[in-house]
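# Structural description and commentary
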Amino acid sequence: QVQVAESGGGLVQPGGSLTLSCTASGRISSLRDVGWYRQPPGKQRELVALTTTSGTATTNVDSAEDRFSAFRDNSKNTVYLRMNSLKPEDTAIYSCNAEVWLTTGGLWNGWGRGTQVTVSS
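These numbers come from a predicted model, not from an experiment. (Residues numbered from 1 in each chain as written. Predicted model: local features only at pLDDT ≥ 70, side-chain atom pairs only at ≥ 80, totals over all residues. Heavy atoms only, no water.)

A few words on the pairing of strand 4 (residues 28–39). Pairing between strand 4 and strand 9 (residues 92–102): 9 bridges, direction antiparallel. Among the inter-strand pairings, Gly35 is bridged to a residue of strand 9, identified as Asn97. Pairing between strand 4 and strand 5 (residues 46–51): 5 bridges, direction antiparallel. Counterpart to Trp36 in the pairing with strand 5 is Ala49. Hairpin connection of strand 4 to strand 5: 6 residues between the antiparallel strands, including Gly42 at a positive phi of 75 degrees. (Pairing = 2+ DSSP bridges. Helix = DSSP H or I, 4+ residues; strand = E, 2+ residues; numbered from the N terminus.)

This is how it looks when you write it as structure tokens:
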């Protein structure tokens, strides 16, 4: 069994920073691709950042390109999303999708439940 869990969300003032964590646990051999997504109120979910096995991270949202960065610690099966200079429009539920290699040799893909980020004064 594999589980994915996000943490680190909360209420932050405009201009503030947060670092979210996405941790996979269970019968995991290693992480493969892990993506951070967000769903603002009343809008569709969008890809924010993607990290690959080699550690390469790309930011997908133009408005966040210079403010968000994703990085991973493979030893902890954890991917982080560092968000700086937060704006009210960054308010959303942030969730991650993880693809992992299982100890049995198979590949597993799943979502966490998400963490709420609210940017407001």
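Counting 29 residues, the largest nonpolar core has Trp36, Val48, Phe68, Leu81, Met83, Tyr94 and Val100 as the members making the most contacts within it. For this core, the elements supplying multiple residues, two or more each, are strand 1 (2–7), strand 3 (18–26), strand 4, strand 5, strand 7 (68–73), strand 8 (78–83), strand 9 and strand 11 (115–119). Among the elements that line this core, the one with the most residues is strand 9, at 6 residues. In this view, Val48 contacts Trp36, Tyr37, Arg38, Thr58, Thr59, Asn60, Val61, Phe68, Leu81 and Tyr94; residues no more than four positions away in its chain are not counted. (Core = buried A, V, L, I, M, F, W, Y, C linked by side-chain atoms within 4.5 Å. Buried < 20%, exposed > 50% of the residue type's maximum accessible area, 1.4 Å probe, protein only. Contact = heavy atoms within 4.5 Å.)

What follows is about the packing of aromatic side chains. Per the counting criterion, the structure on display carries 2 aromatic pairs. Aromatic side chains Tyr37 and Trp111 sit 4.8 Å apart centroid to centroid with 55 degrees between the ring planes, which places their arrangement in the tilted category. Taken together, the residues Tyr37 in strand 4 and Trp111 in strand 10 (residues 107–111) connect sequence positions 74 residues apart. Look at Tyr37 and you get partly exposed, because its relative accessible area is 21%. (Phe/Tyr/Trp six-rings, centres within 6.5 Å; stacked < 30°, edge-to-face > 60°.)

Attention shifts here to the environment of Thr118. Structurally, the position occupied by Thr118 is in strand 11. On the accessibility criterion, Thr118 (27% relative accessible area) is partly exposed. Counting along the chain gives 105 residues from Thr118 to Gln13, while the straight-line C-alpha distance between them is 8.4 Å. Ignoring any residue separated from it by four or fewer positions in sequence, one finds Thr118 in contact with Gly10, Leu11, Val12 and Thr91. In this structure the side chain of Thr118 is engaged in a polar contact, spanning 3.4 Å, whose partner is the side chain of Gln116. (Polar contact = N/O pair within 3.5 Å; in protein donor to acceptor, adjacent residues only side chain to side chain.)

Inspection of every chain in the model, using the stated rule, returns 4 salt bridges. A salt bridge links Glu46 to Arg38, with the nearest nitrogen and oxygen atoms 2.8 Å apart. Note on Arg38: relative accessible area 4%, which makes it buried. With a closest N to O distance of 2.8 Å, Arg67 and Asp90 form a salt bridge. Highlighted residues: Arg67 in the loop between strand 6 (57–59) and strand 7 and Asp90 in the loop between strand 8 and strand 9, separated in sequence by 23 residues. Owing to a relative accessible area of 0%, Asp90 belongs among the buried residues under this scheme. (Salt bridge = Lys/Arg side-chain N within 4 Å of Asp/Glu carboxyl O.)

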